[in-house]
Amino acid sequence: MVTAGDGPWVDEAAGRLVRPFTVSNGRTRPTVALDLMSQVMATGATPLGYLGPEHTQALDLCRAPVPVAEVSAHLRLPVAVAKVLLSDLVDCGALTTKPPAEFHHNPTDRALLEAVLDGLRRQL
């Protein structure tokens, strides 16, 4: 039985029907440097070529600036896979990316850790 909103790739009893790295064609390294708090946003440009359903879902999530970690959580994919999908979209001009300004110089900043914790709590 497919749960609402998950599409054909997730089954309520069996879980994900397609292995996560199948989504990225086995690729594990993005072509663009992205970290968990990097902001990604749609450019409005139409991507050329075929996009898989996960690419389309990721692009829909990025209408406003959103962190990579949040996209990964919404797609229910490992961060490594989400980064590959997002870098595909950056490469074709459909997304733009920038590092988070307030955390760029001090990745162990207390505010960064609190932001990550808040994001995790929202997912639970």
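Residues numbered from 1 in each chain as written. Predicted model: local features only at pLDDT ≥ 70, side-chain atom pairs only at ≥ 80, totals over all residues. Heavy atoms only, no water.

### Here's the deal with the overall build of the chain
Part 1: Along the backbone of the chain there are 5 helices and 5 strands.
Part 2: Starting at the N terminus and ending at the C terminus, the chain contains elements arranged as β-β-α-β-α-β-α-α-β-α.
Part 3: Within the chain, contacts between residues at least 6 apart in sequence are counted, and of these 67% link residues at least 24 apart.
Part 4: With the model as given, the accessible surface of the chain reaches about 7,800 Å², and the carbon-plus-sulfur share is 58%. (Helix = DSSP H or I, 4+ residues; strand = E, 2+ residues; numbered from the N terminus. Contact = heavy atoms within 4.5 Å. Areas by Shrake-Rupley, 256 points an atom, 1.4 Å probe, with all protein chains shown as cover.)

### Concerning the sheet that holds strand β3 (residues 39–42)
Part 1: The 3 strands lie next to each other as β4-β3-β5, forming an open sheet whose pairing is antiparallel. The sheet is open, and its two borders are formed by β4 (66–67) and β5 (95–98), each paired with just one other strand.
Part 2: Note: β3 against β5, 4 bridges, orientation antiparallel. Residue pairing for β5: Gln39 is matched across the bridge by Lys98. (Pairing = 2+ DSSP bridges.)

### Some remarks on the nonpolar core
Part 1: If you look at the biggest cluster of nonpolar residues, it comprises 18 residues, and the most contacted ones within it are Val40, Cys62, Val71, Leu86 and Leu95.
Part 2: Taken together, the elements giving at least two residues each to this core come down to α2 (53–61), α3 (68–75) and α4 (79–91).
Part 3: Tallying contributions element by element places α4 first for this core, with 5 residues. (Core = buried A, V, L, I, M, F, W, Y, C linked by side-chain atoms within 4.5 Å. Buried < 20%, exposed > 50% of the residue type's maximum accessible area, 1.4 Å probe, protein only.)

### Observations regarding the side chain of Ser87
Part 1: Structurally, Ser87 is set in helix α4.
Part 2: A relative accessible area of 1% places Ser87 in the buried class.
Part 3: Excluding residues that lie within four positions of it along the chain, Ser87 makes contacts with Pro30, Thr31, Val32 and Leu34.

### Digging into the pairing of β3
Regular strands place side chains that alternate from one sheet face to the opposite one.
Part 1: Examined bridge by bridge, β3 and β4 share 2 bridges and lie antiparallel to one another. Note that in β4 the partner of Val40 across the bridge is Val66.

### A short note on the confidence of the model for the chain
Part 1: This prediction gives the chain a mean pLDDT of 78; 73% of its residues lie at or above 70.
Part 2: Taken as a whole, residues 1–6 scores under 50 in pLDDT and shows 7 contacts with residues more than four places along the chain or in a different chain. (pLDDT = per-residue confidence, 0-100.)

### Examining the packing of α2 against α3
Part 1: Two elements in contact, α2 and α3, have axes whose closest approach is 10 Å; the angle formed by their N-to-C orientations is 130 degrees. Viewed along their axes, α2 and α3 adopt a mutual orientation that is oblique. Like other packed secondary-structure pairs, α2 and α3 cross with a definite hand, here right-handed. Between α2 and α3, the contacting residues are Glu54, Gln57, Ala58 and Leu61 on the first element and Val71, His74 and Leu75 on the second.
Part 2: Of the residues that constitute the contact of α2 with α3, the class distribution is 4 nonpolar, 2 polar and 1 charged. (Axes fitted to C-alpha atoms, helices over the stretch in contact; angles between N-to-C directions. Parallel < 35°, antiparallel > 145°, perpendicular 65-115°, else oblique. Left-handed = near helix turned anticlockwise from the far one by under 90°. Nonpolar A, V, L, I, M, F, W, Y, C, P; charged D, E, K, R; others polar.)

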